[in-house]
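# Working through the structure, step by step
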Number of protein chains: 4
Amino acid sequence: MSLTSHDALVALRRDLHRYPEPAWREFHTTSRIVDELERIGVDDLFIGREVLADGERMGVPDNEELAAWHERAREAGAREDVLAKTEGGYTGAVAVIEQGEGPTVALRVDIDALPQREADDDDHVPAREGFRSEVDGYMHACGHDAHTTIGLGILRRVKESDFQGTFKVLFQPAEEVVGGGKAMAESGHLDDVDHLLALHVGLDHPTGEVVAGIDGFLAVSHLHAEFTGHPGHAGARPEEGRNAVQAMAAAVQALYGIPRHSDGATRVNAGRVEGGTATNIIPESARIEAEVRGETTDLKEYMLERADEALAGAAATYGCEVDTHIVGDAPSATSDEKLVERVADVAGGVDGVDSIVRRDDLGGSEDATYLMQYVQDRGGRACYVGIGTSHPGGHHTATFDVDEPSIAIGIDTLAGVVERLSTDS
Amino acid sequence: MSLTSHDALVALRRDLHRYPEPAWREFHTTSRIVDELERIGVDDLFIGREVLADGERMGVPDNEELAAWHERAREAGAREDVLAKTEGGYTGAVAVIEQGEGPTVALRVDIDALPQREADDDDHVPAREGFRSEVDGYMHACGHDAHTTIGLGILRRVKESDFQGTFKVLFQPAEEVVGGGKAMAESGHLDDVDHLLALHVGLDHPTGEVVAGIDGFLAVSHLHAEFTGHPGHAGARPEEGRNAVQAMAAAVQALYGIPRHSDGATRVNAGRVEGGTATNIIPESARIEAEVRGETTDLKEYMLERADEALAGAAATYGCEVDTHIVGDAPSATSDEKLVERVADVAGGVDGVDSIVRRDDLGGSEDATYLMQYVQDRGGRACYVGIGTSHPGGHHTATFDVDEPSIAIGIDTLAGVVERLSTDS
Amino acid sequence: MSLTSHDALVALRRDLHRYPEPAWREFHTTSRIVDELERIGVDDLFIGREVLADGERMGVPDNEELAAWHERAREAGAREDVLAKTEGGYTGAVAVIEQGEGPTVALRVDIDALPQREADDDDHVPAREGFRSEVDGYMHACGHDAHTTIGLGILRRVKESDFQGTFKVLFQPAEEVVGGGKAMAESGHLDDVDHLLALHVGLDHPTGEVVAGIDGFLAVSHLHAEFTGHPGHAGARPEEGRNAVQAMAAAVQALYGIPRHSDGATRVNAGRVEGGTATNIIPESARIEAEVRGETTDLKEYMLERADEALAGAAATYGCEVDTHIVGDAPSATSDEKLVERVADVAGGVDGVDSIVRRDDLGGSEDATYLMQYVQDRGGRACYVGIGTSHPGGHHTATFDVDEPSIAIGIDTLAGVVERLSTDS
Amino acid sequence: MSLTSHDALVALRRDLHRYPEPAWREFHTTSRIVDELERIGVDDLFIGREVLADGERMGVPDNEELAAWHERAREAGAREDVLAKTEGGYTGAVAVIEQGEGPTVALRVDIDALPQREADDDDHVPAREGFRSEVDGYMHACGHDAHTTIGLGILRRVKESDFQGTFKVLFQPAEEVVGGGKAMAESGHLDDVDHLLALHVGLDHPTGEVVAGIDGFLAVSHLHAEFTGHPGHAGARPEEGRNAVQAMAAAVQALYGIPRHSDGATRVNAGRVEGGTATNIIPESARIEAEVRGETTDLKEYMLERADEALAGAAATYGCEVDTHIVGDAPSATSDEKLVERVADVAGGVDGVDSIVRRDDLGGSEDATYLMQYVQDRGGRACYVGIGTSHPGGHHTATFDVDEPSIAIGIDTLAGVVERLSTDS
């Protein structure tokens, strides 16, 4: 099967959709990508530890969890060579093609899925047409199955084109936990990159619309705070307890009470909390999984400092300890005007594109920004492109789906940009 | 096997220890009790729905959970007749022996275990001697295995004695969630009871010590509060969320802030809380599992009223709804002096008893109080007796254990009291 | 004394500076303004109730407070006719000159001072040069003394110019509590206005700089929330209290915890709180004086709705009542481009102006926005102009001062704009 | 005027009632006491610094406040010699009579009034009969005017009796703020005391009832916590503020959330709080005036430790500082059975006594406990006696009043006890 036809692309995307894997557990997905890369034929292929800077992964699950998914991927038919290279949660790949003298262009696509149960009624296309998630409780609810497919499609197209230079596709794991961007940015594979492209489907833009440059990425940090107190029998010895749930509750209130900042938008959310074991025991432990965001990286840092202070203070108020660590992180970023122009220009000639939005704000976070910033810091350019797709449900919901004609539009647009870049000054 | 020897009693207790079952899931335990009762030979035997008032069980798990334990009991060899009678979480039994004219005396023992993993090192006798819990994550960590054994031992002894009158033993489920007392109290089996005895081993009293009358039961209610708000993307649409975790945190603070009462001791604990799903979603739901207690039932009611107000107000503060329901409850109670005297008197002549404490406070809660109050309200008397046992770890901890010689002391003392009561005026 | 010379203007400003009066208590100030207006000679003069819409004043102090300042103004030599017209806190004036056919142009200046003690060391020019505030604890710390002077200076200049049309100057009270703008906007005096100008000195712009159009006014509401509970002796009867301080504390946390909004900047501040009477009494009452703001009026309304909910919920959580009322309010607004252009154009030719900033954001609130919105809603145009003044201390601090050469720049610029508007299409 | 007649005692009490002075400001009251003591004739008289241990006064107001009351007392006719000795808030006196060999007996009475406006309607006896408080906002609302009168009456009676030994009356200032007891206890005047008596009128006991021994004093500490943050403009620079009101609100919640203690009753109250200056300024400062209590001194210390932790933690949570100091304090205490018996015995023979309560609990706090503990620690005995008085309004309310016949009962009972003690073994 090659990826030259719409049918082949759709089949690949549906295949990926059927087997969603969350952050750092994309063992089967990486194997599937490597299969396609071998079919296309690339000049260089890096897998697992070869594409992730040492010690920079964030939000990695524990070994037991990793091992269970690794084994599940094996049972589902993943390749042993890829399983060996990705063991321990070192997922992802980088493919390189070299075609003479010219610039180095890179494309980043993200490959992970979400812990979200997929809708199963007939209104939902994947359910109706038989490619609904086969991994219960997990789903490609943000279109990374389409991203992966588009990345492979572009690679094939560029390889067959007159493109002169080096072209890399980075298949990045763990975007949903903003945990993979930093490790891939600092892996060395971006050191020589002149132009970096990234993309996202949907974002409330319909099929046929292209956003030439997306900005307004909120810098983000994900935090885990573990509170430890001392247990006590709630009836017989209430005074013996140092109550981790009281500390957590005070911390929740303090986090949401961090002052707004006059320099721009900030965000905070204690999205997941828990504590204690039984009604009659003073809770000894509690935890908060939170995030802070900022319109700029500085604003995010402001939120982070205040959050640290709030967590430490709240713990002390109730005689508890708190251990806070960052488990995910992404800076802010901006698309370079030069590339935005190029994307808009190329998209104008793509079949099926009927609307071009010059720039739009994401209003959320993305760790592609680590890669964009890395390239920009070294004098290169970066651009994040939106490929509209008419999606029935919102991103991250059970009824999200990709409108498949948008896959071809994504490939045509970005492959066109890559080719054009080789002939630019 | 009869229960006349120390060895037989120890063997039975260890058997029960090996198969701990938590509240309303005592399927195998009930079956095991029925086995023994048949061996002893009783005049009447009631099981399951026959010993629980309709609609009065509290804290019953959902059907899926009940079915899983029911099936597990079957696989472990529970009797089909008992399984049929206890299906749906109707556990427990009442055994009756009738020996001529005389008073009706009842003994209540509780039979459920706890969700606590048992210690597995050699310092822990059950581990060393091979009768550690075989149900992972559950444990007889409060001595109800000994209570059940003592109850059966007394029954056998009374049957063989000159006791004149009616003697009943109530094997009560779900004490640990204060969920079974009310249903058994109102089952009808107590309507004709003149004297009710209940007992507990340990409570920081060493082997050889007997507490003739325990008082100071704190009335208690267990509450579940479910907060419901509205989700929202924490980065893109924070204003759309109605944050159930904020509501829960405010409720935790309000609960612990309920004023003390000048009439006596009160307690409150939000012992188990959780909320939200992911760091980037404004939490749509959260829950608190709490308890309130009072030195008297009125004080507990005061705490309950204020807790309801606090939960409702906190939800409203953050635009959320809250659904609060009581899942366990027990009143306060006092041991009758007449019975306390009798116990002290009899214990003085029991082999192995070297210290008699007239009265002591429990400082905790127990739903035996429902049964005590029921009997006292109808003109009968009730007494809660402490049988010392030197326990290495505290109650409800992984290293709790019963010092087995205390089993005989418990039987000798309480069987003695039962016999004496038949000859009292 | 006329207002043609720099010295005369400076003398007037210093006179006003010496006698600062806060919101709705500008009795002496209004009298002083009327003196000058009579000297200049105006065609129409409205005072007190004649310039304020019925029932629309906000943040008016109580009668005792008003009477004390009224009497103090009398003692300081205020005119009896003005005192009669302003009694009860109806301060402010509107002056009108009519010079043939042409547009109706209005200028709004604010006249109130602040409850701020003025610096008294020699570094502070008013102290050194002998015109420091003579009303202890009050101060013109925001330059409204200069605004009033500039307003009078422009009126005189326009009267002597070739201006054709109607020109009104609105001397508005109670800007600092955002309490006077609405009443003056709806007084009828703006119904025929084609062009409205307003101004502010300073705002961190140095002398010689003019901001042609100020935007970014945050809409604001000032709230007072009074919590009422029930007292109780903290030692003897803690359970009898319904604690208004607990309710207030929970409300403070809920207010600061109102979620950010993705549509733009919001603000909240519980700037002044108090509660209770003595350490041994459960607090029966407490209060919060708070404000909410929004980048748009809608955003402010969002904050207001959530604040109401938070206050009501927090009171209910602790069995208290809360009475919330709005005591000050101002919408957002934008300067019209057409007028901004005109101001920039005229300022370019003014002596002493060396820098023109086209547009800048206020980042704070101002109830001139009520007047701007009123004119714009009826098809007119409005513009808020910044007149730079090098001020040593920040606005609202003890060492704020106006650099007096900026007074002439303000008059030249805005009088120039008024004259030009009469000849525009 | 001597104090032998009911009329004379009533006249003295009404005189004191007319001139209430609060803690450490009892200048006129001390002068009035010294007048009476000179009339009675005592062997030794100590005033001011002579009766207060250095550095042990608590809750002393600032110098300006002290000076104002000092001057007011002078204007009201206080003696210059007493004013000289009490300057700086060193109020109170100790009178001694020596009549041969025998035990040293001491009586402590408290002399201060409360910041409470007195009722002025005709239902209130002091208003109707013309001896209502002449110091607006202050009132003898706890009967210390009667205590002082009773103390003087007993002194006169003992002097004229056959009492053999030494008798001291300690007129203690600042009981209402639990600020004077420690300083007087450690002044040296108690070092040789064998028997200490103290008394209180009312406490919900009617005229004719005597409580022979009062116990159940809650140990108490009064705390002031001053929070300091950093101001900021709430609209323009919210991020610059470190919000002292947020810290205070979190501290209030943490204080009320201090866990109950299984050893006995505890109390906490944030009875007076305030913070901030204006709605548009992030609050830079805030304060809490709180108290903690315990059934024992240890329980009070437990509350104090947790309160300190809560205050410090809450400040840190919001980047603020907190300065906490104790401004009043009293331990717990118990009346000695030997003295209780004696009081009960003597009261049985007193005219007008129709009911004797052996022991009752105060349920509140009193710094007489410092003196009781001091004497008991040195081998002496102490007893706190209740003299019933039918009071229309509750203690500390505007309509509290003493039923004057109870004054004679108090004198007869306690003078009788003093006399009897000289003849006891």
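Residues numbered from 1 in each chain as written. Chains lettered and ligands numbered in written order. Predicted model: local features only at pLDDT ≥ 70, side-chain atom pairs only at ≥ 80, totals over all residues. Heavy atoms only, no water.

### Notes on the overall build of chain A
Assigned secondary structure in chain A consists of 12 helices and 12 strands. Scaling as 2.2 N^0.38, a compact globule of 425 residues should have a C-alpha radius of gyration of about 22 Å, and chain A matches this with 23 Å. Judged by the C-alpha coordinates and their principal axes, chain A covers about 80 × 50 × 40 Å. Within chain A, the proportion of its 425 residues that are buried is 63%. At a minimum sequence separation of 6, the contacts of chain A that also span at least 24 residues come to 83%. Surface accessibility of chain A: about 14,300 Å² in total, with carbon and sulfur atoms responsible for 42%. Between the averaged position of the 37 positive side-chain charges in chain A and that of its 78 negative side-chain charges there is a distance of 0 Å. (Helix = DSSP H or I, 4+ residues; strand = E, 2+ residues; numbered from the N terminus. Rg over C-alpha atoms; globule rule 2.2 N^0.38 Å. Buried < 20%, exposed > 50% of the residue type's maximum accessible area, 1.4 Å probe, protein only. Contact = heavy atoms within 4.5 Å. Areas by Shrake-Rupley, 256 points an atom, 1.4 Å probe, with all protein chains shown as cover. Lys, Arg positive; Asp, Glu negative; His and termini not counted. Charge placed at Lys NZ, Arg CZ, Asp CG, Glu CD.)

### Concerning the sheet that holds strand S9 (residues 285–294) of chain D
The strand order across the open sheet built from 8 strands is S10(C)-S7(C)-S9(C)-S8(C)-S8(D)-S9(D)-S7(D)-S10(D), with neighbouring strands paired in antiparallel fashion. On the outer flanks of this sheet lie strand S10 (321–330) of chain C together with strand S10 (321–330) of chain D, each paired with one strand and no other. Each strand of the sheet is rotated relative to its neighbour by a mean of 20 degrees, with strand direction disregarded. For strand S8 (residues 266–276) of chain C and strand S9 (residues 285–294) of chain C, the ladder comprises 9 bridges, and the chain directions are antiparallel. Each bridged residue has a counterpart across the sheet, and for C:Glu274 the counterpart in S9(C) is C:Arg287. (Pairing = 2+ DSSP bridges. Axes fitted to C-alpha atoms, helices over the stretch in contact; angles between N-to-C directions.)

### Things to note about the side chain of A:Arg306
Of note, A:Arg306 is situated in helix H9 (residues 297–317). Lacking a salt bridge, the buried A:Arg306 has A:Glu309 as its closest oppositely charged neighbour, with an N-O distance of 4.5 Å. Other than its neighbours up to four places away in sequence, A:Arg306 contacts A:Ile258, A:Pro259, D:Glu239, D:Gly241 and D:Arg242. (Salt bridge = Lys/Arg side-chain N within 4 Å of Asp/Glu carboxyl O.)

### Things to note about the domain arrangement of chain A
Residues and elements named next belong to chain A. Per the domain assignment, the segments of chain A are domain 1 (6–217 + 331–424) and domain 2 (219–330). Of note, the centres of domain 1 and domain 2, computed from C-alpha atoms alone, are 33 Å apart. In this complex, domain 1 contributes 15 residues to the contact, which on the side of domain 2 involves 13 residues. When the area that domain 1 buries against domain 2 is broken down by residue, the three leading residues are Val178, Pro331 and Ser365, summing to 44%. Residue composition of the side of domain 1 that touches domain 2, by class: 6 nonpolar, 6 polar and 3 charged. (Domains from an automatic or database assignment. Buried area = accessible area lost by both parts, 1.4 Å probe. Nonpolar A, V, L, I, M, F, W, Y, C, P; charged D, E, K, R; others polar.)

### Quick notes on the relation of the copies chain B and chain C
Superposition of chain B onto chain C requires a rotation of 179 degrees combined with a translation of 0.1 Å along the rotation axis, giving an RMSD of 0.2 Å. Here the transformation between the copies is reduced to the relation of a two-fold axis. Rotation axis and chain B: the residue whose C-alpha lies nearest the axis is B:Gly313, separated from it by 2.5 Å. When you check the interface residues of chain B against chain C, 100% turn up at the interface there too, and the contact is symmetric in its surfaces. (Least-squares fit on C-alpha atoms with pLDDT ≥ 70 in both.)

### Overview of the interface of chain B and chain C
Accessible area lost when the parts come together is the quantity often used to give the size of an interface. Taken together, the contact between chain B and chain C spans 24 residues of the former and 24 residues of the latter. Summed over both partners, the interface of chain B with chain C comes to about 1,800 Å²; 42% of that surface belongs to carbon and sulfur atoms. Inspection of the chain B/chain C interface yields 2 salt bridges. Counting the contacts that link chain B with chain C gives 18 residue pairs in polar contact (both at pLDDT 80 or more). Elements that contribute at least two residues to the side of chain B that touches chain C include exactly helix H8 (244–256) and helix H9 (297–317) of chain B. Among the elements that line the side of chain B that touches chain C, the one with the most residues is H9(B), at 8 residues. (Polar contact = N/O pair within 3.5 Å; in protein donor to acceptor, adjacent residues only side chain to side chain.)

### What about H9(B)?
For H9(B), spanning 21 residues, the distance from its first C-alpha to its last is 30 Å, which sits close to the expected 30 Å at 1.5 Å a residue. Positioned one or two residues after H9(B), B:Gly319 has a phi angle of 65 degrees, which is positive. (Expected span 1.5 Å × (residues − 1).)

### Description of the packing of helix H1 (residues 6–18) of chain B against helix H2 (residues 27–40) of chain B
All names here are of chain B. Contact geometry of H1 with H2 gives a least axis separation of 10 Å together with a crossing angle of 160 degrees. For the element pair H1 / H2, the angle class is roughly antiparallel. Considering only the axes of H1 and H2, their crossing is right-handed. Contact residues: Leu12, Asp15 and Leu16 in H1; Thr29, Arg32 and Glu36 in H2. By residue class, the composition of the contact of H1 with H2 is 2 nonpolar, 1 polar and 3 charged. (Parallel < 35°, antiparallel > 145°, perpendicular 65-115°, else oblique. Left-handed = near helix turned anticlockwise from the far one by under 90°.)

### A short note on the state of the cysteines
Residues and elements named next belong to chain A. Under the criterion given, the structure shown has 0 disulfides over all chains. Left without a disulfide partner, Cys383 is nearest to the cysteine sulfur of Cys142, which lies 18 Å away. Accessibility expressed as a relative area gives 0% for Cys383, which makes it buried. (Disulfide = S-S within 2.5 Å.)

### Notes on the environment of C:Ile97
All names here are of chain C. Tracing the sequence through the fold places Ile97 in strand S2 (residues 93–99). Taking the C-alpha atoms as reference points, Ile97 and Phe167, separated by 70 residues in sequence, lie 5.4 Å from one another. If we ignore the near neighbours within four places in the chain, the residues touching Ile97 are Gly41, Val42, Asp43, Leu155, Val158, Lys159, Gly165, Thr166 and Phe167.

### A short note on the packing of aromatic side chains
For the coordinates displayed, the defined rule picks out 12 aromatic pairs over all chains. With 4.8 Å between their ring centres and 85 degrees between their planes, A:Trp69 and A:Tyr138 make a pair best called edge-to-face. With A:Trp69 in helix H3 (residues 63–75) and A:Tyr138 in the loop between helix H5 (125–128) and helix H6 (144–159), this pair connects stretches of sequence that are 69 residues apart. By relative accessible area, which is 4% here, A:Trp69 ends up buried. Summarising the aromatic geometry, the rings of C:Phe217 and C:Tyr384 are spaced 4.8 Å apart at their centres and angled 80 degrees between planes, so their arrangement reads as edge-to-face. (Phe/Tyr/Trp six-rings, centres within 6.5 Å; stacked < 30°, edge-to-face > 60°.)

### Quick notes on the relation of the copies chain A and chain B
Aligned on chain B, chain A shows an RMSD of 0.1 Å; the corresponding rotation is 179 degrees and the shift along the axis is 0.0 Å. In this assembly the copies share their binding face: 100% of the residues contributing to the interface of chain A also contribute to that of chain B.

### Some points on the interface of chain A and chain B
Across the boundary between the two partners, chain A contributes 39 residues, which contact 39 residues of chain B. Summing both sides of the interface, chain A and chain B together bury roughly 2,900 Å²; the carbon and sulfur share of this comes to 50%. It is A:Gln253, A:Arg272 and A:Thr279 that lose the most area in chain A upon contact with chain B, and together they represent 19% of the buried surface on that side. Here chain A is connected to chain B by 2 salt bridges. A salt bridge links A:Glu274 to B:Arg272; the nearest nitrogen and oxygen atoms lie 3.2 Å apart. Our enumeration of links across chain A and chain B arrives at 20 residue pairs in polar contact (both at pLDDT 80 or more). It is strand S8 (residues 266–276) of chain A that provides the largest number of residues to the side of chain A that touches chain B, a total of 9 residues.

### Remarks on the packing of helix H1 (residues 6–18) of chain C against helix H6 (residues 144–159) of chain C
All names here are of chain C. It is the contact of H1 with H6, at a shortest axis distance of 9 Å, that shows an interaxial angle of 140 degrees. What the angle tells us is that H1 and H6 run oblique. Here the hand of the crossing between H1 and H6 comes out right-handed. Seen from H1, the contacting residues are Leu9, Leu12, Arg13, Leu16 and His17; seen from H6, they are Asp145, Ala146, Thr148, Thr149, Leu152 and Gly153. Partitioned by chemical class, the residues of the contact of H1 with H6 number 5 nonpolar, 4 polar and 2 charged.

### With respect to the sheet that holds strand S6 (residues 209–215) of chain A
Residues and elements named next belong to chain A. The sheet built from 8 strands is open, its strands ordered S1-S2-S4-S3-S5-S12-S6-S11 with mixed pairing. Across the chains shown, the open sheet's two edge strands, defined by having one partner strand only, are strand S1 (44–47) and strand S11 (355–361). Pairs of neighbouring strands in the sheet enclose a mean axial angle of 20 degrees, with direction left out of account. Judged from the 4 bridges that link them, strand S3 (residues 104–110) and strand S5 (residues 195–201) form a sheet pairing that is parallel. Across the sheet, the residue bridging to Leu107 is Leu197, located in S5. Sheet strands touched by helix H10 (residues 337–347): S5, S6, S11 and strand S12 (381–387). Its angle to S11, the strand with the most contacts, is close to 155 degrees. Lying over the sheet, helix H11 (residues 368–377) contacts S3, strand S4 (165–172), S5 and S12, oriented at roughly 150 degrees with respect to S12.

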